[in-house]
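Coordinates in review
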Amino acid sequence: MDDLHGEWAMEVAEAELSSPLPRRWAHTQGVAERAAEVREVLGVDAGLLLAAATLHDVGYAPRLAATGFHPLDGARFLRDEHGADKRLVRLVANHSFALLEADERGLREELAAEFPLLEQPLLVDTLVYCDMTTTPDGDRTTAQDRVTEIRSRYGDDSVVGRFIRRAAPEIFASVERVEAALADQPR
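The text that follows walks through the structure, step by step, so that each part is easy to find.

What counts, and at which threshold
Residues numbered from 1 in each chain as written. Predicted model: local features only at pLDDT ≥ 70, side-chain atom pairs only at ≥ 80, totals over all residues. Heavy atoms only, no water. Salt bridge = Lys/Arg side-chain N within 4 Å of Asp/Glu carboxyl O. Buried < 20%, exposed > 50% of the residue type's maximum accessible area, 1.4 Å probe, protein only. Helix = DSSP H or I, 4+ residues; strand = E, 2+ residues; numbered from the N terminus. Expected span 1.5 Å × (residues − 1). 1 Å grid on protein atoms, 1.4 Å probe; cavity = no way out; pocket = protein on both sides within 12 Å on 5 of 7 lines; lining within 4 Å. Points joined across faces, edges and corners; volume = space filled by probe spheres on them. Core = buried A, V, L, I, M, F, W, Y, C linked by side-chain atoms within 4.5 Å.

1. Looking at the pattern of salt bridges
Under the counting rule described, the total for this entry stands at 22 salt bridges. Note that R34 is salt-bridged to E33, the shortest N-O span being 3.6 Å. The exposure class of R34 is buried, given its relative accessible area of 4%. Residue E81 pairs with R63 through a salt bridge whose shortest N-O separation is 3.1 Å. Here E81 is found in helix α4 (residues 70-82), whereas its partner R63 is found in the loop between α3 (46-55) and α4, with 18 residues between them in sequence. Taking relative accessible area as the criterion, E81 reaches 49% and is therefore assigned partly exposed. By relative accessible area, R63 is classed as exposed at 53%. It is possible to trace a salt-bridge network through shared partners that takes in R76, R79, D80, E110 and E114.

In structure tokens:
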């Protein structure tokens, strides 16, 4: 994927999120900024990361929320309305350990069958890193603070609260792997 895909992704995300969900749009912009910062660890997949970072939460858009599970709704929208790249759609569908939340919602088999996990660990980790080191307002944060914020916002007994508690160790491990890959980059 190239910069044209990044521009397209930004146009789509802005059209779907900026007016109905300005805070989600701010988060999306921050996640895209993180992707631009870490793209050197991915080489040829840097454009794909930027597009996925920009579109990862598009399924929150009210007109797209068919199931109420934003990774699934967003991936279906990208596939069905835009004929988006299959790897992009799979990244959006599975971002930030979405299978664990799908399990909490009774949608695991549906998500896994329709959008299998992408077998590119560093690419998957970098999207987790970008999402989980960005606040709801688009600012930089730590993964630990982000998980704490999510738990506080949704409550520990909610579907999202249960999911984020289960996912936290995986999230922290992904962030550590990306930070290590960034540290290994020549300066």
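2. Looking at α4
Helix length check: α4, at 13 residues, gives a terminal C-alpha distance of 17 Å against a target of 18 Å (1.5 Å per residue), a fit within 8%. Inspection of α4 places H70, P71, L72, D73, G74, A75, R76, F77 and L78 among the buried residues, and these make up the whole buried set. A positive backbone phi angle near 55 degrees is found at G83, which sits one or two residues after α4.

3. Some details on empty space enclosed by the protein
Under the criterion given, the structure shown has one cavity of 30 Å³ or more. Taken as a whole, the largest cavity spans an internal volume of roughly 250 Å³. Along the wall of the largest cavity there are 19 residues; nearest its centre are Y60, H70, E101, I150 and F163. Going through the elements one at a time, α4, α6 (98-105), α8 (121-132), α9 (143-154) and α10 (159-183) are the ones with two or more residues in the lining of the largest cavity.

4. Quick look at the nonpolar core
Within the largest apolar cluster, 58 residues are counted, with the highest numbers of intra-cluster contacts made by L55, L78, L88, L111 and I171. Looking at this core element by element, the count peaks at nine residues for α10.

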